[in-house]
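Structural description and commentary
If you want the building blocks of each chain, they are given just below.
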Amino acid sequence: MKKEIIRIENVSKIYRTGDIITYGLRRIDMTIYKGDFIAIMGPSGSGKTTLLNIIGLLDRPSSGSVFIDGINVVTFSDRQLAWIRNIKLGFVFQHFNLINRLTVLENIEMPLIARGIPRSRRVELVKDALLKVGGELSWLPKKPLQLSGGQQQRVAIARAIVGSPEIILADEPTGNLDRASAKTIINTFSELNKYGHTIIMVTHDPEMANCTQKIFMIRDGVIVDLKNPEIDKCILRTVI
Ligand SMILES: Nc1ncnc2c1ncn2[C@@H]1O[C@H](COP(=O)(O)OP(=O)(O)OP(=O)(O)O)[C@@H](O)[C@H]1O
Ligand SMILES: [Mg+2]
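Residues numbered from 1 in each chain as written. Chains lettered and ligands numbered in written order. Predicted model: local features only at pLDDT ≥ 70, side-chain atom pairs only at ≥ 80, totals over all residues.

**Details of the environment of Leu-125**
We apply this condition: The secondary structure listing takes helices from DSSP runs of H or I that are at least 4 residues long and strands from runs of E that are at least 2 residues long, numbered from the N terminus. With C-beta atoms placed from the backbone, a residue is labelled by how many other C-beta atoms lie within 10 Å of its own: buried for 20 or more, exposed for 12 or fewer, partly exposed between the two. By the convention adopted here, residues are in contact when the distance between their C-beta atoms, placed from the backbone, does not exceed 7 Å.
Secondary-structure assignment places Leu-125 in helix α5 (residues 119-132). Residue Leu-125 is classed as buried on the basis of its C-beta count, with 20 C-beta atoms lying within 10 Å. Through-space distance from the C-alpha of Leu-125 to that of Asp-205 is 29 Å; in sequence the pair is 80 residues apart. Apart from residues no more than four positions distant in its own chain, Leu-125 is found in contact with Leu-112 and Val-162.

So, in structure tokens, the structure goes:
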């Protein structure tokens with residue numbers, strides 16, 4: 001029996017800007033099981049980031065419920081949600097959200113500090129994570145803005161995986177990467193998935209989505225289709 005890890009039920013998200021109301025999500029239901037590797041696809045503005053932010057407890061729905069390990073967390077305080085995020089989740093943001101006054105090392109080690117891991121172990125784990133995503137150790141003392149967009153993206157992915165979180169949420173993790181680097185990332189995610197990590201990835205790239213187990217198609221804030229990946233078209237099998 002697969003263990004349910006996240007369930008969202010009847011979730012809507014409404015944005016109000018002055019008099020204008022925009023629907024980010026409309027009555028979405030979705031269940032994610034431990035060990036799932038999921039892709040979320042859909043046109044720009046369809047609600048992918050909104051959905052990921054709600055699944056990742058970074059944003060609250062306007063209505064509906066979010067269950068983590070069977071517990072409805074919508075009434076939890078920001079502090080309680082931050083605690084769950086720290087112990088369970090790793091997040092790759094669409095716009096990286098790296099802290100520019102900190103070095104690459106300091107950015108990647110942040111989730112480890114939150115967990116009280118000692119410095120020498122942190123440095124080891126940071127190096128491992130950075131190498132796993134195709135990064136270079138020479139980046140460690142640099143500031144994020146001294147790196148290219150694709151390099152910053154890899155730093156953001158390293159930060160998300162460094163603490164081996166149970167669930168990894170990634171918003172367009174390969175958006176700025178060339179084929180070879182994208183392949184390294186999808187390889188790393190597949191590897192983590194093999195060891196039981198749950199991965200939820202937003203992507204525009206069908207070749208990336210085809211490397212997952214399940215594809216949710218979203219349009220205008222609604223899940224319109226659930227597709228099986230065409231594994232023979234997965235980027236891992238294509239020759240670069
Ligand atoms: N903070 C906000 N305030 C107002 N409207 C918002 C806000 N965030 C998102 N929206 C609106 O909600 C809808 C869904 O946005 P979302 O960012 O989830 O789309 P997306 O699928 O991630 O798009 P993209 O592929 O371009 O990243 C869009 O119509 C967007 O304009
Ligand atoms: Mg988005």
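**With respect to the nonpolar core**
Note the following rule: Think of a nonpolar core as buried Ala, Val, Leu, Ile, Met, Phe, Trp, Tyr and Cys residues, each tied to the set through C-beta atoms within 7 Å.
Counting residues in hydrophobic clusters, the biggest one holds 57 residues, and the most contacted among them are Ile-40, Ala-129, Ala-158, Leu-169 and Ile-200. The element that contributes the greatest number of residues to this core is helix α6 (residues 149-161), accounting for six residues. If we ignore the near neighbours within four places in the chain, the residues touching Leu-169 are Leu-52, Ile-55, Gly-56, Leu-89, Phe-91 and Ile-200.

**Quick notes on the sheet that holds strand β6 (residues 89-92)**
The strands that make up a sheet pair up through hydrogen bonds in the backbone, lying either parallel or antiparallel. The test is simple: If DSSP finds at least two bridges between two strands, the strands pair. Lines fitted to C-alpha atoms define the axes, with helix axes restricted to the stretch in contact, and inter-axis angles between N-to-C directions lie between 0 and 180 degrees.
Here we have six strands laid out as an open sheet, ordered β6-β7-β8-β3-β9-β10, and mixed in their pairing. Each edge of the open sheet carries a strand with a single partner, namely β6 and β10 (222-227). This sheet shows a mean twist of 15° between the axes of neighbouring strands, independent of strand direction. Alignment of β6 against strand β7 (residues 167-171), held across four bridges, turns out to be parallel. Within β7, the residue paired with Val-92 across the bridge is Ala-170. Across the face of the sheet, α6 comes into contact with β6 and β7 while running at roughly 170° to β6.

**What about the sheet that holds strand β2 (residues 20-33)?**
Judged by pairing direction, the sheet is antiparallel, and its four strands sit side by side in the order β2-β1-β4-β5 without closing on themselves. Single-partner strands in this sheet number two, and they are β2 and β5 (71-72). Relative to strand β4 (residues 63-68), strand β1 (residues 4-17) runs antiparallel, the two sharing five bridges. Residue pairing in the sheet places Glu-9 in a bridge with Ser-65 of β4. Contacting β1, β2 and β4, helix α1 (residues 48-55) runs over the sheet at an angle of about 125° to β1.

**Here we look at the pairing of β2**
Bridging between β1 and β2 involves 10 bridges; their strand directions are antiparallel. Residue pairing for β2: Glu-4 is matched across the bridge by Tyr-33.

**Quick look at α6**
Side chains three or four residues apart in an α-helix point the same way, a direct result of the helix having 3.6 residues per turn. The condition is simple: Expected span of a helix: the number of residues minus one, times 1.5 Å.
In this model, α6 (13 residues) spans 19 Å end to end at C-alpha, consistent with the 18 Å of a helix rising 1.5 Å per residue. With respect to burial, α6 is a largely interior element, 11 of its 13 residues being buried. Listed in full, the buried residues belonging to α6 are Gln-151, Gln-152, Gln-153, Arg-154, Val-155, Ala-156, Ile-157, Ala-158, Arg-159, Ala-160 and Ile-161.

**Considerations on the environment of Tyr-33**
For Tyr-33, the location among the structural elements is in strand β2. Under the C-beta neighbour-count criterion, Tyr-33 is labelled partly exposed, with 16 such atoms within 10 Å. For the pair Tyr-33 and Lys-3, spaced 30 residues apart in sequence, the C-alpha to C-alpha distance is 5.4 Å. Beyond its immediate stretch of four places on either side in the chain, Tyr-33 contacts Lys-2, Lys-3, Glu-4 and Ile-5.

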